[in-house]
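Close look at the chain arrangement
Listed here are the chains, written in short residue letters.
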Amino acid sequence: MIDGYIVTNAYHLLPGLKHFARRMLEEFSNLGISVQHIDNSSLLARLDAESKIITPLQEGKFVLYLDKDTIIAHLLEKKGYRLFNSAQAIADCDDKARTYMLLSENEVPIPQTVFGPLNYSHEISESFIKNLENTLPFPLIAKDNHGSLGNNVFLLKTESELSDFELTHRYNGRLYQEFISSSFGVDYRLLVIDGQLVAAMKRVNETGDFRSNIAQGGKGYQTEVPPSYKALAEKVARLLKLDYCGVDILIGKNQEPLLCEVNSNAFLEGIEKVSGINIASIYASYIKRKMNL
């Protein structure tokens, strides 16, 4: 009998997620939990002619959902599967603008942020650019709302660069943020499970890139986590109702923590190596406990 499933994307499975799935399979097996790894092309969750949800999953109680396709995730939840993380939590993290808005009434410190207006045209708004320049000084950060691994994140230094970004990204959800120079090429990645910090690393990019992401040349190091950073990461994870997440925290000019973003499927490999902590085992044990397996 199958206890649960691990679902990943069929078309573009990043090495970090492939490693994540493999490690979780190992740890579930160590706990005597039967889990099958499938991709979303074979899942084929659908609605029949009477709007009833059909899925080929015939047994099992939970799904470790390592993808961002929230339509399928919602369908699985409606069929009664417990998802880790929930479809809503994944959606709330996948859109950076949504993440910030959901946290906006809970005193979560972030860099000053301006959201780009929806644009269906072939043109850009000069008034928006002028208003943005009067709000955020150069250099400033520009991001697509959707993206990971530090991709589609830019440091803009001039009005010309800002106009170019607006033109090339005008159809995308996007946001602009105050540049935190005190966190140039460095941040903290904090791994939280069940609202509790379980592992951490300090990421440092020594290549001259302002982004600390490992995918952009950053390296992870063991670190002592300041109490205020730990408290912020745990607070954010609880507010977003995440079973598991990686919280990226910037270093403010007075060493205060500032939330950068939240990753619902944060990779395991780097932080397990750096911290020496078996995060996959902790996560698998948490799922076992929650599911009473």
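Residues numbered from 1 in each chain as written. Predicted model: local features only at pLDDT ≥ 70, side-chain atom pairs only at ≥ 80, totals over all residues. Heavy atoms only, no water.

A closer look at the overall build of the protein chain
Of the regular secondary structure elements, the protein chain holds 10 helices and 15 strands. Whereas a compact globule of 293 residues would reach a radius of gyration of roughly 19 Å, the protein chain reaches 20 Å, a difference of no more than 12%. Put simply, of all contacts in the protein chain between residues at least 6 apart along the chain, 65% involve residues at least 24 apart. Working note: accessible area of the protein chain is about 14,000 Å², and carbon and sulfur atoms make up 51% of it. Positive and negative charge centroids in the protein chain, built from 31 and 36 side chains respectively, lie 5 Å apart. (Helix = DSSP H or I, 4+ residues; strand = E, 2+ residues; numbered from the N terminus. Rg over C-alpha atoms; globule rule 2.2 N^0.38 Å. Contact = heavy atoms within 4.5 Å. Areas by Shrake-Rupley, 256 points an atom, 1.4 Å probe, with all protein chains shown as cover. Lys, Arg positive; Asp, Glu negative; His and termini not counted. Charge placed at Lys NZ, Arg CZ, Asp CG, Glu CD.)

What about the sheet that holds strand β15 (residues 257-263)?
Read across the open sheet, the 5 strands follow the order β13-β12-β11-β14-β15; overall the sheet is antiparallel. One side of each edge strand has no neighbouring strand; the edge strands of this open sheet are β13 (219-221) and β15. Taking each pair of neighbouring strands and ignoring which way they run, the sheet shows an average axis angle of 30°. In this sheet, strand β14 (residues 244-251) lies alongside strand β11 (residues 186-193) in antiparallel orientation, the contact comprising 6 bridges. Looking at β14, one finds that Tyr188 is bridged to Ile249. (Pairing = 2+ DSSP bridges. Axes fitted to C-alpha atoms, helices over the stretch in contact; angles between N-to-C directions.)

A short note on the packing of helix α6 (residues 126-135) against helix α7 (residues 159-168)
For any two helices packed against each other, the geometry is given by the interaxial angle and the distance between the axes. Orientation of α6 relative to α7, taken along the N-to-C sense of each, is 130°, at an axis distance of 11 Å. The angle between α6 and α7 falls in the class oblique. Crossing of α6 over α7 shows right-handed handedness. Where α6 approaches α7, its residues Phe128, Ile129, Lys130, Leu132 and Glu133 are matched on the opposing element by Glu159, Leu162, Ser163 and Glu166. (Parallel < 35°, antiparallel > 145°, perpendicular 65-115°, else oblique. Left-handed = near helix turned anticlockwise from the far one by under 90°.)

Here we look at the packing of helix α4 (residues 87-94) against helix α5 (residues 96-103)
Two elements in contact, α4 and α5, have axes separated by 5 Å at closest approach and are oriented at 105°. Taken as axis vectors, α4 and α5 run roughly perpendicular relative to one another. Across the interface between the two elements, Gln88, Ala91, Asp92, Cys93 and Asp94 from α4 touch Lys96, Arg98, Thr99 and Leu102 from α5. For the contact of α4 with α5, the residue count by class is 3 nonpolar, 2 polar and 4 charged. (Nonpolar A, V, L, I, M, F, W, Y, C, P; charged D, E, K, R; others polar.)

Some remarks on the pattern of salt bridges
A full pass over the atoms with the stated rule returns 16 salt bridges. Ionic pairing is found between Asp243 and Arg82, a salt bridge with its closest N-O pair at 3.0 Å. Pair noted here: Asp243 is in the loop between α8 (227-239) and β14 and Arg82 is in strand β6 (residues 82-84), with a separation of 161 residues, a long-range link. Classification of Arg82 as partly exposed rests on a relative accessible area of 27%. For Arg174, the salt bridge is made with Glu166, and the minimal N-O distance between the two is 2.5 Å. (Salt bridge = Lys/Arg side-chain N within 4 Å of Asp/Glu carboxyl O. Buried < 20%, exposed > 50% of the residue type's maximum accessible area, 1.4 Å probe, protein only.)

Topic: the packing of aromatic side chains
Centre-to-centre distance and the angle between the planes together describe a pair of aromatic rings. Counting across every chain of the model gives 12 aromatic pairs. Both rings, one in Phe128 and one in Tyr176, keep their centres 6.0 Å apart while their planes meet at 50°; by these two values the pair is tilted. On the criterion of sequence distance, the pair formed by Phe128 in helix α6 and Tyr176 in strand β10 (residues 174-178) is long-range, its members being 48 residues apart. Within the aromatic cluster, the residues linked to one another by ring pairs are Phe20, Phe28, Phe62, Phe84, Tyr244, Tyr283 and Tyr286. When the ring centre of Phe84 is taken as origin, the NZ or CZ atom of Arg82, which lies over that ring, is 4.0 Å away. (Phe/Tyr/Trp six-rings, centres within 6.5 Å; stacked < 30°, edge-to-face > 60°. Lys NZ or Arg CZ within 6 Å of the ring centre and 35° of its normal.)

Points about the environment of Ser41
Along the chain, Ser41 turns up in helix α2 (residues 40-43). Judged by relative accessible area, Ser41 falls into the partly exposed class, the value being 39%. Each C-alpha atom of the pair Ser41 and Tyr229 lies 39 Å from the other, and the pair is 188 residues apart in sequence. Not counting residues up to four positions away in its chain, the partners in contact with Ser41 are Ala10 and Tyr11. Only 2.5 Å separates the side chain of Ser41 from the side chain of Asp39, close enough to count as a polar contact. (Polar contact = N/O pair within 3.5 Å; in protein donor to acceptor, adjacent residues only side chain to side chain.)

Topic: the pairing of strand β1 (residues 4-8)
Along β1, 5 of the 5 residues are buried, which leaves the element largely enclosed by surrounding structure. Neither face of β1 is exposed, since Gly4, Ile6 and Thr8 on one face and Tyr5 and Val7 on the opposite face are all buried. In the classification by handedness, the crossover that spans β1, the intervening helix α1 (residues 15-30) and the parallel strand β2 (residues 35-39) is right-handed. Bridge count for β1 against strand β5 (residues 62-66) is 5 bridges, and the pairing is parallel. Within the sheet, the bridge partner assigned to Val7 lies in β5 and is Tyr65. (Right-handed = clockwise from strand over helix to strand, strands pointing away.)

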